[in-house]
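Listed below are the residues making up each chain.
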Amino acid sequence: MSSSQMLSHQPQFSLIPYRACYAQSVSQIFHDAIRYIDDDVYSIEQKQAWSPKPRSTYHWNKRLTRSKAWLVVDEAKIEGGHPKCCGFINVETHFNNRGYIDSLYVHPAYQHCGVGHKLYEAMEEWALEQEYPNLTVDASLLSKWLFLSHGFKVQHKSYQEKLGQIFMGFLMSKTLKLTTVPG
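Residues numbered from 1 in each chain as written. Predicted model: local features only at pLDDT ≥ 70, side-chain atom pairs only at ≥ 80, totals over all residues. Heavy atoms only, no water.

We now examine helix 5 (residues 115-129). With 15 residues, helix 5 extends 22 Å between its outermost C-alpha atoms, agreeing within 8% with the 21 Å of an ideal straight helix rising 1.5 Å per residue. Where helix 5 ends, the next residue or the one after it, Glu131, has phi of about 65 degrees, a positive value. (Helix = DSSP H or I, 4+ residues; strand = E, 2+ residues; numbered from the N terminus. Expected span 1.5 Å × (residues − 1).)

Below, the structure is given as structure tokens:
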């Protein structure tokens, strides 16, 4: 089923900073996005290990408030008194991990609608303003293509283990072009 068949309305996307009231939505998006992956890409067992159930709102709120995070919301669809969260991204800001993209997930109904690109572009613009020299990510088999389209290069394959399942991904990086103002 394509994303346009899943949406029953015309979305009106807005980019907002992460807020705690969206922790439950973020948790569900993470879980649903993983479960929606085709079984030919990651097996049922791998997806079960990656996200056996949605994580707590405490987990996601703590994770996203310890980094810089953004959401794309659909202003045309209200859930729980707020515009519906369609996807999220966060980047580490601590010295040793500064510029590491920790998460980028899009709700299955909003995939292939530009949400991932919108999230990435906002994050990169912010990283440039902060004068981060580069960005890195451990991209999944699916997200690899989004990052390649934004100029990332594959450094090497990477492997992670979760609950006895091995996941292949790609360590990727991008050097940011910092603009200097003539003085």
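Turning next to the nonpolar core. The biggest cluster of nonpolar side chains holds 27 residues, and the ones touching the most others in it are Ile101, Tyr120, Met123, Leu135, Phe147 and Phe152. When residues of this core are traced back to their parent elements, those giving at least two are strand 2 (68-79), strand 3 (82-91), strand 4 (100-106), helix 5, strand 5 (134-139), helix 6 (144-149) and strand 7 (165-175). In this structure, Ala33, Leu64, Cys85 and Tyr105 belong to the second largest nonpolar core, which totals 22 residues. (Core = buried A, V, L, I, M, F, W, Y, C linked by side-chain atoms within 4.5 Å. Buried < 20%, exposed > 50% of the residue type's maximum accessible area, 1.4 Å probe, protein only.)

Looking now at the UniProt feature "domain: N-acetyltransferase" (unreviewed entry) in the chain. Using the residue numbers shown here, the UniProt feature "domain: N-acetyltransferase" (unreviewed entry) corresponds to residues 28-177. The straight-line gap between the two end C-alpha atoms of residues 28-177 is 35 Å; of that span, 31% is helix and 37% is strand. (UniProt positions renumbered as here; feature names shortened; annotations may be inferred.)

In terms of burial, strand 3 is a largely internal element, 9 of the 10 residues being buried. Taking the residues that link successive antiparallel strands as the turn, the strand 2-strand 3 hairpin has 2 residues, and the phi of Gly80 there is positive, at about 60 degrees. The pairing of strand 3 with strand 4 spans 5 bridges and is classified as antiparallel. By the bridge assignment for strand 4, Phe88 is matched with Tyr105. (Pairing = 2+ DSSP bridges.)

For His112, which is not glycine, the phi dihedral falls at a positive 70 degrees. Along the polypeptide, His112 turns up in the loop between strand 4 and helix 5. With relative accessibility at 79%, the residue His112 sits in the exposed group. Backbone geometry places Glu131, a non-glycine residue, at a positive phi of 65 degrees. Mapped onto the secondary structure, Glu131 falls in the loop between helix 5 and strand 5. For Glu131, a relative accessible area of 56% corresponds to the exposed category.

Scanning the entire structure with this criterion turns up 13 aromatic pairs. With a centroid separation of 5.4 Å and 75 degrees between ring planes, the pair formed by Trp126 and Tyr132 is classed as edge-to-face. Residue classification places Tyr132 among the buried residues on the basis of a relative accessible area of 4%. Joined through ring pairs, the aromatic side chains of Phe30, Trp60, Phe88 and Tyr105 make up one cluster. (Phe/Tyr/Trp six-rings, centres within 6.5 Å; stacked < 30°, edge-to-face > 60°.)

The next point concerns the sheet that holds strand 6 (residues 153-162). Within the open sheet, the 7 strands sit side by side as 1-2-3-4-5-7-6. Their pairing is mixed. At either margin of the open sheet sits one strand with a lone partner, and together these are strand 1 (13-17) and strand 6. Ignoring which end each strand starts from, the neighbouring axes of this sheet average 30 degrees apart. Those strands touched by helix 2 (residues 23-36) are strand 2, strand 3 and strand 4, and its axis lies near 75 degrees from that of strand 3. Helix 4 (residues 57-65) rests against strand 2, strand 3 and strand 4 of the sheet, and its axis sits at about 55 degrees to strand 3. (Axes fitted to C-alpha atoms, helices over the stretch in contact; angles between N-to-C directions. Contact = heavy atoms within 4.5 Å.)

Counting across every chain of the model gives 0 disulfides. This cysteine, Cys85, is not joined by any disulfide, and Cys86 carries the nearest cysteine sulfur, 6.6 Å off. (Disulfide = S-S within 2.5 Å.)

We now examine a nonpolar patch on the surface. Residues Trp145, Leu148 and Val154 make up a contiguous nonpolar surface patch of about 280 Å² in total accessible area. Secondary-structure assignment places Trp145 in helix 6. The exposed category is assigned to Trp145, whose relative accessible area is 55%. (Patch = residues over 30% accessible without salt bridge, like charges linked within 9 Å, V, L, I, M, F, W, Y side chains within 5 Å. Areas by Shrake-Rupley, 256 points an atom, 1.4 Å probe, with all protein chains shown as cover. Salt bridge = Lys/Arg side-chain N within 4 Å of Asp/Glu carboxyl O.)

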